[in-house]
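Examining the three-dimensional arrangement
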Amino acid sequence: MYKKHKFTNFTKLYSGMNIVDTPDIVTKKGQATHILNCYNSPEGGIAKLFGRSKHNTTTIGATDKITGIYQLNLETAAFFCVSGTKLYKDNNGTWENKTGTVTITSDQNGLVQFSRFQDLMIATFYNRDAPIEHDGGSGNAAAVSGMPAGRFNTVLANRLLSFNTSANPKLGYWSALNDRTSWDTTNDFLNFKESESDNEEISGVGEHLNNIIVGKESSVFRIYHTGTFPPFKYYIISHNHGIQSNYSIQNTPPAGIYPERLIWVGRDNFYQLVGDTITSIADDIKPFFSEGAPFQINLNRLKYATSGIIKEKNLYFCAFSSGSGSTNDYIFVLDYKNMQWAICDFISNCFGVRIISGREFLYSGTYTGFVCKHDPAVYNNLGVTYASQLYFPWL
């Protein structure tokens, strides 16, 4: 017998993706059970997610994995990428090899974290290659003399910090004031231990409210500047939450009703930090982490999840591997102003930001030697068409 079905309320349409609630609840919320390559346009209404164009029209190398993208914003900006065993600097769309004598291990998981310190690009590597520096000029990269080879780096109060070395994965070291080459590794460090039995290593570092947030898989800490000696101390924000991937961490600007926040992926959800309060923000799509509906994240590769933001669109991107895959084949897309989720199927190993004529663009790197611009004027993915889909319950 035919029963009149309930139509989704299009006046409320695109309240994000929901794979948790029953169909009637999803409909009442104006949500969808599947959203692929769509987003909530700030200009109003549902929009097809814009695509990507190739920065370099010729591949750096068909098997070269892009592991880092960064712009050093000096008077004359310098745009870099790391691919395979090389550091490249952009010259009007052509990548010039600036590796010199430094050593970079060819590893798709050897993701790079960048900072600007003393007007230099500083880069550290997930596989703990020796840190490197570049001044943005015509010369080659060099090793950062004396700097501990940690996975992660950041800057606070005119000091460079290095975290998670192979010998001491729970420590964070700091440099001398305004001196990247002067380190006292015997005395100048913080030991991030939640308790004496805590042997988890540091898994992520991010900047938030002029402090540094340090994460382990089961705890989160805040470093602050003391203004005296020692220059830094920390306190524990949470014993119940952790950071799974350093490269998923993004500091989002104020948007809508929300203040500045730090967003990242944990082992079972996405989380945000507001002040010192941590809350989950992806409950509507949590089955991706555990139940395999519509498919499951490869939890063994969460540490290689990578992210970026597009501020003018209020979008946070976090690339991840699905199923048993060994590459990041999907992206979670969060409208962080309206807190609405969708997914995207652009393959991305890393993200970075580039400023062109005062406008900020998100870039991503592939596993096939291309650096890509996420361009609101383009509706193909590196020259290939893609589908946009929204599925709603049929009641």
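Sequence order as written defines residue numbering, which begins from 1 separately in each chain. Per-residue local features are limited, in this predicted model, to residues with pLDDT of at least 70; the limit for side-chain atom pairs, both in listing and counting, is 80 or more; totals at the level of whole chains, interfaces and linings are taken over all residues. No hydrogens and no water enter the side-chain calculation; it runs on all heavy atoms of the structure.

1. A word on the overall build of the chain
We apply this condition: Every helix listed is a DSSP run of H or I at least four residues long, and every strand listed is a run of E at least two residues long, numbered separately from the N terminus. The buried label applies to any residue whose accessible area, calculated with a 1.4 Å probe on protein chains only, is under 20% of its type's maximum; exposed applies above 50%, and partly exposed to all values in between. Any pair of residues with heavy atoms lying within 4.5 Å of one another is described as a contacting pair. Note on areas: Shrake-Rupley with a 1.4 Å probe; residue coverage comes only from the protein chains shown. Positive charges come from Lys and Arg, negative ones from Asp and Glu, while His and the chain ends are left out of the count. Note that the charge is assigned to NZ on lysines, CZ on arginines, CG on aspartates and CD on glutamates.
Looking only at helices and strands, one finds two helices and 33 strands in the chain. The C-alpha extent of the chain, read off along each of the three principal axes, is 80 × 50 × 35 Å. Burial statistics for the chain: of 395 residues in total, 54% are counted as buried. For the chain, contacts bridging at least 24 residues in sequence account for 52% of all contacts bridging at least 6. A total of about 16,500 Å² of accessible surface is found on the chain, and carbon and sulfur atoms cover 47% of it. In the chain, 34 positive and 34 negative side-chain charges are present, and the distance between their average locations comes to 6 Å.

2. Here we look at the packing of aromatic side chains
Inclusion rule: Stacked, tilted and edge-to-face are the three classes applied to pairs of Phe, Tyr and Trp rings, where Trp contributes its six-membered ring and a pair requires centres within 6.5 Å; stacked means planes under 30 degrees apart, edge-to-face means over 60, and tilted covers the rest. By definition, being over a ring means that NZ of Lys or CZ of Arg is both within 6 Å of the ring centre and within 35 degrees of the ring normal.
Within this structure, the stated rule accounts for 29 aromatic pairs. Between Phe 288 and Phe 332, the ring centres sit 5.2 Å apart and the planes meet at 80°, which makes this aromatic pair edge-to-face. Taken together, the residues span a long stretch of sequence, with Phe 288 in helix H2 (residues 287-290) and Phe 332 in strand E28 (residues 330-335) at a distance of 44 residues. For Phe 332, a relative accessible area of 1% corresponds to the buried category. Three or more aromatic residues joined by ring pairs form one cluster here, namely Phe 270, Phe 288, Phe 289, Phe 295, Tyr 316, Phe 320, Tyr 330, Phe 332 and Trp 341. Taking NZ or CZ as reference, Lys 373 lies 4.2 Å from the ring centre of Phe 361, over its face.

3. Thoughts on the environment of Thr 33
Here Thr 33 shows up in the loop between helix H1 (23-28) and strand E1 (34-36). In this structure the C-alpha to C-alpha distance between Thr 33 and Phe 392, which are 359 residues apart in sequence, comes to 5.7 Å.

4. Here's the deal with the sheet that holds strand E4 (residues 52-54)
Note the following rule: A pair of strands is considered paired only if DSSP assigns at least 2 bridges between the two. Only C-alpha atoms enter the line fits that serve as axes; for helices the fit covers just the stretch in contact. Angles between N-to-C directions range over 0 to 180 degrees.
What the four strands build is an open sheet, ordered E4-E32-E31-E30; its pairing is antiparallel. On the outer flanks of this sheet lie E4 and strand E30 (350-356), each paired with one strand and no other. Here the average twist between neighbouring strands, direction ignored, is 35°. Pairing of E30 with strand E31 (residues 359-365), which is carried by seven bridges, proceeds in the antiparallel orientation. Across the sheet, the residue bridging to Val 353 is Leu 362, located in E31.

5. Quick look at the sheet that holds strand E9 (residues 112-117)
Pairing in this open sheet of four strands is antiparallel, and the strands run E9-E10-E11-E12 from one edge to the other. A strand with exactly one partner marks an edge of an open sheet, and here the two such strands are E9 and strand E12 (142-143). Where strand E10 (residues 120-125) lies against strand E11 (residues 132-134), three bridges are found, and the strand directions are antiparallel. Each bridged residue has a counterpart across the sheet, and for Met 121 the counterpart in E11 is His 134.

6. Remarks on the pairing of strand E20 (residues 219-225)
Regular strands place their side chains on alternate faces of the sheet. E20 sits mainly inside the fold: five of its seven residues count as buried. Alignment of strand E19 (residues 211-216) against E20, held across five bridges, turns out to be antiparallel. Each residue of the ladder has a partner; that of Gly 215, found in E20, is Val 220. Counting the residues in the hairpin turn of E19 and E20 gives two residues. The sheet contact formed by E20 and strand E21 (residues 232-238) spans six bridges and is antiparallel. Looking at E21, one finds that Tyr 224 is bridged to Lys 233.

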